[in-house]
Amino acid sequence: MRNLKILVADEQPVVRQGIRHLVEARPQWDVCGEAGNGDEALAVAFDTLPDVAVMAVSLPGSNGITVTRRIDASMESFRLGY
């Protein structure tokens, strides 16, 4: 069974570090990438295909809600083979 891949996106590095610390305390969870703004979050999501995204609502550039919707729409297309 493979580990759960988690993307962490927040503009504050200390927040990302804290979330990474919590995630890595779980044996079957891995942080697959981090992002400090919306554009980075999209790029990391497309590169790593995370299972879960822990996303701040307020991100520089595209906000977390917009980014989450774009990731979800892209992943749905990927799952359906478009």
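Structure's up top.
Residues numbered from 1 in each chain as written. Predicted model: local features only at pLDDT ≥ 70, side-chain atom pairs only at ≥ 80, totals over all residues. Heavy atoms only, no water.

Student: Outline the side chain of T48, supporting the account with residue identities and numerical values.
Tutor: With respect to the secondary-structure elements, T48 resides in helix α2 (residues 38-48). Side-chain polar atoms of T48 contact the backbone oxygen of V44, separated by 2.7 Å. Beyond its immediate stretch of four places on either side in the chain, T48 contacts K5 and C32. (Helix = DSSP H or I, 4+ residues; strand = E, 2+ residues; numbered from the N terminus. Polar contact = N/O pair within 3.5 Å; in protein donor to acceptor, adjacent residues only side chain to side chain. Contact = heavy atoms within 4.5 Å.)

Student: Summarise the sheet that holds strand β2 (residues 29-35); cite the residues concerned and give the values.
Tutor: In space, the three strands of this open sheet follow the order β2-β1-β3, with parallel pairing throughout. Whereas interior strands pair on both sides, the edge strands pair on one side only; in this sheet they are β2 and β3 (52-55). For this sheet, the mean angle separating the axes of adjacent strands, direction not counted, is 25 degrees. Here strand β1 (residues 4-9) pairs with β3 via four bridges, running parallel. Bridge assignment links V8 to a residue of β3, and that residue is V54. Sheet strands in contact with helix α1 (residues 13-24) are β1, β2 and β3, and its direction is about 165 degrees off that of β2. (Pairing = 2+ DSSP bridges. Axes fitted to C-alpha atoms, helices over the stretch in contact; angles between N-to-C directions.)

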